[in-house]
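Below are the chains, spelled out letter by letter.
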Amino acid sequence: MSISNSYLQGIYDSLAEKSTHEPEFLQAVYEVLESLCPVVEKRPDFVKAGIFSQIVEPERVLQFRISWVDDAGTVRVNRGYRVQFNSAIGPYKGGLRFHPSVNLSIIKFLGFEQIFKNALTGLPIGGGKGGSDFDPKGKSDGEIMRFCQAFMTELQRHIGADTDVPAGDIGVGAREIGYLFGQYKRIRNEFTGVLTGKKAGLGGSLARTEATGYGLCYFTKEMLAAEGEDFSGKRVVISGSGNVALYACQKAIRLGAKVVAMSDSGGYIVDENGIDFERMREMKEVRRARIQTYVDEVPTAQYVSGCRGIWSVPCDIALPCATQNELDLDGARMLVEHGCMAVAEGANMPSTPEAVSFFREKGILFGPAKAANAGGVATSALEMSQNSQRLSWSFEQVDGMLHDIMKEIYQNAAAAAKEYGQEGDLVTGANIAGFLKVAEAMLWQGVIF
Ligand code: NDP
């Protein structure tokens, strides 16, 4: 595979030479640069100002040691990261991921994607991402709290309400954000909106918990409407059962669909009667149980071990909401073979490049993560606004704004695709629309001579 513009291919080659141990980061950069070929031709001023080569390098990469003590009194050591990728349009903004698979490549890929996603929301937020290879599974509440405190003891010197505002991601929900916020406040003696995804009583925004999953369904609704379709009566398969997956499930059901399958990293469940959202939410959010537990409580459901087989469940709409590269070519083939008409990404980069090409080739409606899952960060930015004004808006107000933002993201991505000669291609459209906004801001700010 090669990028169809030699100037961009040169930028990619030199980055690849320096980033041999960063496959996920290179995968994300490749996809964006490929989409930007028509922009190089139209905008020689961006080439002259070196915008394309600057945008693939993070402004700052922080890596640090996190030492903490487990319940048995043993000292444990983990690695922490914060990649402050681009602040051209606002303070760095992006989640923290706690998962054993976290490394610099994963955090750089997520930070890079975040630049364009945040620009697409139309709100003034730059791109960043962070996390740790800490595994929260099986840890006690006390261990989670001590780890979060140790993590923030270092991170606090690099962030701030106008500098860098982290949020949650895999393994980091409202509980972890609460512990992180407590430690920031203890050290800095400041009650500011330095983190988003807080509980409402700590300045969190209503509807933030639901925002990514709801936003994904609002975006999918727009995609379907363009083809004269809607969610009503459709079979939906959702991978994952975390924050994004759960609320995508709730909204899809409210929009008239039947959600027939969900998963976790161990396996998936199929319920032909339609998944009982409230039972699933209580099981995952309150009891933190494995998804297999669902079949003990719902006799019509079946459990299959191994999460990748979920794409063999026949559906009209697939919403991958677990993790990167979870939907490969085999999965894409199974979906299309069974009549799937639309795929929208709730997770970041869940489809492999081969799967995306296959969907395009088969004319499947495809909503890329940058656009389709931007509802979470958009609502985080609304939380920042509420924090600076010391106000809190109602659930309905925030949900209404989220709905409008997702509609606009769809329209902007579709319009950019059309303007640059790729009508209907939302991958290209989202990449171009996000890039243009950041590139103009970088151009206006100049470089140091
Ligand atoms: P959660 O930690 O709440 O849930 C993650 C879900 O994905 C769990 O069901 C988990 O299963 C599953 N999962 C994680 N890793 C793997 C893996 N390697 N293989 C299979 N399944 C896996 O995370 P979120 O719901 O917050 O995030 C899910 C995705 O959405 C991520 O890609 C994230 O970056 C993206 N995203 C999240 C946003 C948010 O607002 N939370 C915003 C935008 C994007 P198990 O419990 O077994 O590990």
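Look above for the structure.
The model shown is predicted, which means the values in this text are computed figures rather than measured ones.

Asks: Sorry if this is basic, but what is going on with the packing of aromatic side chains here?
Replies: Two aromatic rings are characterised by how far apart their centres lie and by the angle between their planes. For the coordinates displayed, the defined rule picks out 23 aromatic pairs. Ring geometry for Trp-68 and Phe-147: centres 6.0 Å apart, planes at 85°, overall edge-to-face. With Trp-68 in strand 1 (residues 60-69) and Phe-147 in helix 7 (residues 141-155), this pair connects stretches of sequence that are 79 residues apart. You'll find Trp-68 and Phe-147 in the same group, each marked buried. Three or more aromatic residues link up through ring pairs in this structure, and these residues are Phe-64, Trp-68, Phe-98, Phe-134, Phe-147 and Phe-151. For Lys-42, the ring lying beneath its charged end belongs to Tyr-420, and the centroid distance is 4.4 Å. The positively charged end of Lys-198 is found above the aromatic ring belonging to Phe-181, 5.9 Å away from the centroid.

Asks: What am I meant to see in the sheet that holds strand 4 (residues 126-132) here?
Replies: Adjacent strands of a sheet pair through backbone hydrogen bonds, lying either parallel or antiparallel. Across the sheet, five strands lie side by side as 1-2-4-3-5; this open sheet has mixed pairing. With partners counted over all chains shown, the strands left at the sheet margins are strand 1 and strand 5 (164-167), one partner each. Strand after strand, the sheet turns through a mean of 20° between neighbouring axes, direction not considered. Examined bridge by bridge, strand 1 and strand 2 (residues 75-86) share ten bridges and lie antiparallel to one another. Within strand 2, the position partnered with Trp-68 by the bridge is Arg-76. Set on the sheet, helix 6 (residues 104-120) makes contact with strand 1, strand 2, strand 3 (92-98) and strand 4; between it and strand 4 the angle comes to about 155°.

Asks: Even after reading the chapter, I still don't get the layout of surface pockets, so can you show me in this structure?
Replies: A probe as big as a water molecule, rolled over the atoms, marks out the empty space that is left. The space that makes up the second largest pocket amounts to roughly 610 Å³. Of all the secondary-structure elements, those providing two or more residues to the lining of the second largest pocket are helix 2 (23-35), helix 3 (37-42), helix 14 (353-361), helix 15 (369-372) and helix 18 (426-445). Per-class residue counts for the lining of the second largest pocket are 14 nonpolar, ten polar and seven charged.

Asks: Just to check I follow, could you spell out a nonpolar patch on the surface for this structure?
Replies: Residues Val-69, Val-75 and Val-77 make up a contiguous nonpolar surface patch of about 260 Å² in total accessible area. Residue class for Val-75 comes out exposed when judged on its relative accessible area of 56%.

Asks: What is the right way to look at the site of the ligand in this model?
Replies: Surrounding the ligand, one finds 25 residues, the nearest of these being Asp-169, Thr-212, Ser-265, Arg-290 and Asn-348. Ser-241 places a main-chain nitrogen or oxygen 2.9 Å from an oxygen atom of the ligand. Against a free-state accessible area of 890 Å², the protein chains account for coverage of 84% of the ligand. In the shell around the ligand, the residues fall into six nonpolar, 13 polar and six charged.

Asks: Explain the pairing of strand 3 to me, please; I cannot follow it from the model alone.
Replies: Both faces of the sheet carry side chains from a regular strand, because those side chains alternate between them. Along strand 3, seven of the seven residues are buried, which leaves the element largely enclosed by surrounding structure. Handedness of the crossover is the feature at issue here: the chain leaves strand 3, passes through helix 6, returns alongside strand 4, and the resulting connection is right-handed. In this structure, strand 3 lies alongside strand 5, joined through four bridges in parallel fashion. Looking across to strand 5, one finds that Tyr-92 is bridged to Asp-164.

Asks: Honestly, the pattern of salt bridges in this entry has me stumped. Any pointers?
Replies: Any two side chains of opposite charge can pair, on the condition that their charged atoms come close. One pass over the full model with this rule turns up 28 salt bridges. Between Arg-175 and Glu-176 there is a salt bridge, and its shortest N-O distance comes to 3.1 Å. Owing to a relative accessible area of 4%, Glu-176 belongs among the buried residues under this scheme. In this structure, the salt-bridge partner of Asp-276 is Arg-279, at a minimum N-O distance of 3.5 Å. Each of Asp-276, Arg-279, Glu-282, Arg-287 and Glu-297 takes part in salt bridges that share partners, so that together they form one network.

Asks: Can you help me understand helix 14 in this one?
Replies: The α-helix winds at 3.6 residues per turn, so residues separated by three or four positions along the chain end up facing the same way. All buried positions along helix 14 are accounted for by Ala-355, Val-356, Phe-358 and Phe-359. For helix 14, the angular spread of buried residues about the axis comes to 160°, placing them on one side. Count one or two residues on from helix 14 and you reach Gly-363, which has phi positive near 70°.

Asks: Would you mind showing me how to read helix 17 (residues 395-419) here?
Replies: Look at helix 17: 36 Å from first C-alpha to last across 25 residues, which is about the 36 Å you get at 1.5 Å a residue. Of all the residues in helix 17, the buried ones are Val-398, Asp-399, Leu-402, Ile-405, Met-406, Ile-409, Tyr-410, Ala-413, Ala-416 and Ala-417. Its buried side turned inward, helix 17 meets helix 6, helix 9 (208-225), helix 10 (243-254), helix 15, helix 16 (375-389) and helix 18. Where helix 17 ends, the next residue or the one after it, Gly-421, has phi of about 75°, a positive value.

The rules behind these values
Position labels on residues start from 1 in each chain and follow its written sequence. In keeping with the model being predicted, local features are shown solely for residues with a pLDDT of at least 70 and side-chain atom pairs are shown and tallied solely at 80 or more, while totals for entire chains, interfaces and linings include all residues. Side-chain measures here rest on the full set of heavy atoms in the structure, leaving out hydrogens and waters. Centres within 6.5 Å make a pair out of two Phe, Tyr or Trp rings, where for Trp the six-membered ring is used; the pair is then stacked when the planes are under 30 degrees apart, edge-to-face when over 60, and tilted otherwise. Secondary structure follows DSSP: runs of H or I at least 4 residues long count as helices, runs of E at least 2 residues long count as strands, and numbering of each begins at the N terminus. Buried, partly exposed and exposed residues are distinguished by accessible area as a fraction of the type maximum, computed with a 1.4 Å probe on protein chains only: under 20%, between the cut-offs, and over 50%, respectively. The rule is short: NZ of Lys or CZ of Arg within 6 Å of the ring centre and within 35 degrees of the ring normal puts a charge over the ring. Only strands that DSSP links by at least two bridges are regarded as paired with each other. Helix axes use the C-alpha atoms of the stretch in contact, all axes being lines fitted to C-alpha atoms, and the angles between their N-to-C directions lie in the range 0 to 180 degrees. Contact criterion: two residues are considered in contact whenever any of their non-hydrogen atoms come within 4.5 Å of each other. Both site types are read off a 1 Å grid over the protein atoms alone. A 1.4 Å probe that fits but cannot get out defines a cavity, while an open set with protein on both sides within 12 Å along at least five of seven lines defines a pocket; lining residues have an atom within 4 Å of a point. Grid points are joined across faces, edges and corners, and a volume is the space filled by probe spheres set on the points. Each residue gets one label: Ala, Val, Leu, Ile, Met, Phe, Trp, Tyr, Cys and Pro are nonpolar, Asp, Glu, Lys and Arg are charged, and the others, such as Gly, are polar. Residues enter patches when they are more than 30% accessible in relative terms and free of salt bridges; like-charged ones are connected within 9 Å and nonpolar ones (Val, Leu, Ile, Met, Phe, Trp, Tyr) within 5 Å. Shrake-Rupley sampling with a 1.4 Å probe provides the accessible areas, and residues are treated as covered by the protein chains on show and by no other component. Here a salt bridge means any side-chain nitrogen of Lys or Arg lying within 4 Å of a carboxyl oxygen belonging to Asp or Glu. Whether a residue is near a molecule or strand is decided by its heavy atoms; if any one of them lies within 4 Å of it, the residue is near. Definition of a polar contact: a pair of N or O atoms within 3.5 Å, with one able to donate and the other able to accept a hydrogen when the atoms are protein atoms, and with sequence-neighbouring residues admitted only if both atoms are side-chain atoms. Consider the strands pointing away from the viewer: the crossover is right-handed when the path from the first strand over the helix to the second runs clockwise. As used here, the arc is the angular range of directions from the helix axis to the C-beta atoms. Take the number of residues in a helix, subtract one, and multiply by 1.5 Å to get its expected span.

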